[in-house]
Amino acid sequence: MLDKALKLIKELTEHNYKAYIVGGFVRDYLLGIESLDIDVCTNATPREIKEVFPEGFLPTEDYGSVIVNKYGIRFEITTFRKEFTYQDHRKPVEIQYIDDLYQDLLRRDFTINTICIDEEGEVIDFLGGRDDLERKIIRSVGDADEKFNQDALRILRAIRFATVLDFQLDEEVVEAILKHRPLLRELSYQRKKIELDKMFVSGHAEEGIRMLLEYHMDKYLELDKLNEVEYTNSLIGIWSILNVEDKYPFSNNEKELMKDIRVAMKLNNYDPVALYKYDLYVNSVAGEMKGLDKKKITEAYNNLVIHSRGDLAVSSEEIMECLHREPGEYLSEVYEDIEREVLYHRLANQKEILLAYIKEKFTSI
Ligand code: ATP
Ligand code: MG
């Protein structure tokens, strides 16, 4: 990936612009972690970047970075800038394009995110980022108090990086978190969720949650049930315990799933009827959140006599014929009854046996 990134910045330097790889890619590269996308900074303006990369485009929501998809990689190319006034503790409302890499690095959040690589592959580290990488420390670029007041998302980013990378927060960063944490209320739920998702899928979610609780973030993030999350192997499982679909954004599918998981949390997830009704995935997630044995759940699911209505040895037509009745509400009652009996091995899944049972039990209804 580095060779492709170097190729891309060379295209800019060949046009006499300065260009460096910066941010997450360099940080993760030095740590031996794979990155998904690559941030590039340059003194070329967005218009000039687009002259070099005509396929580049500017997403409207963003801060004037040009996105270029090349060599199968998503590059986010940002012009060196100074940021001035900030609105709502989040968005810089006034920026100025500049020519100077060092000045650009000063506007960034943490030292580990300021390390650059130039077109020769040389590491440029003006702000001691490599030292902090080695010491595993999240340290603010400049005054943390000021940085977090300007942009409150940096509070969550600090905790996210500490969680994902298993780093320590610098003392000054902790102080600034404690001072400015009420500002978290002003951030959009969408932005907050992006950071929280990254923590929850990281494999260190437990440590992240511990940190969030330590700094009483549950209050400011409106995650009242954060202290109820025990097992953390599933992102959707964590969110279903947090139960904040009224605030944080989720797709309808995810909402349905979380509702089912919450019901399944209260069921015995080895129980055949629970497994039949809520399927393997929902029960596995619920089971995981309760510390149950996933293999045993899967085994129990695979051993179900039936997995869907279609597996029953009788059809709706046969049920209606045997009861001499037209279709109606009663059918679901019959189905639920025989499904339960079959799942619990009280009735064999055989046509004559099921029909005899149905005739006996439901003829009078
Ligand atoms: P990742 O891409 O792994 O989430 P990243 O550090 O690359 O982490 P991006 O959001 O891609 O994060 O931002 C790229 C770089 O821009 C960061 O490394 C940092 O230098 C700077 N940056 C991003 N967000 C902020 C912010 N809120 N305040 C200051 N600098 C920021
Ligand atoms: Mg990035």
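Rules used throughout
Residues numbered from 1 in each chain as written. Chains lettered and ligands numbered in written order. Predicted model: local features only at pLDDT ≥ 70, side-chain atom pairs only at ≥ 80, totals over all residues. Heavy atoms only, no water. Helix = DSSP H or I, 4+ residues; strand = E, 2+ residues; numbered from the N terminus. Buried < 20%, exposed > 50% of the residue type's maximum accessible area, 1.4 Å probe, protein only. Lys, Arg positive; Asp, Glu negative; His and termini not counted. Charge placed at Lys NZ, Arg CZ, Asp CG, Glu CD. Axes fitted to C-alpha atoms, helices over the stretch in contact; angles between N-to-C directions. Left-handed = near helix turned anticlockwise from the far one by under 90°. Contact = heavy atoms within 4.5 Å. Nonpolar A, V, L, I, M, F, W, Y, C, P; charged D, E, K, R; others polar.

Undergrad: Summarise the overall build of the protein chain; cite the residues concerned and give the values.
TA: When you go through the protein chain residue by residue, the secondary structure sums to 18 helices and 12 strands. With the C-alpha coordinates of the protein chain rotated into their principal frame, the extents come out at 85 × 45 × 35 Å. Within the protein chain, the proportion of its 365 residues that are buried is 49%. Once the 50 positive and 71 negative side-chain charges of the protein chain are each reduced to a mean point, those two points are 2 Å apart.

Undergrad: Let's hear about the packing of helix α7 (residues 153-165) against helix α10 (residues 205-214): which residues, and what values?
TA: Packing of α7 against α10 brings their axes to within 9 Å, and their N-to-C directions diverge by 145°. Crossing hand, α7 versus α10: right-handed. The residues of α10 that touch α7, namely those facing L156, I159, A162 and T163, are G208, M211 and L212. When grouped by side-chain class, the residues that make up the contact of α7 with α10 number 5 nonpolar, 2 polar and no charged.

Undergrad: Before we move on, can you summarise the environment of L31 with the specific residues and values?
TA: Position of L31 among the secondary structure elements: in helix α2 (residues 24-31). You can call L31 partly exposed: its relative accessible area is 31%. Sequence separation of L31 and A158 is 127 residues, and the distance between their C-alpha atoms is 17 Å. Not counting the four nearest positions on each side in its chain, L31 is found in contact with L133, L165 and F167.

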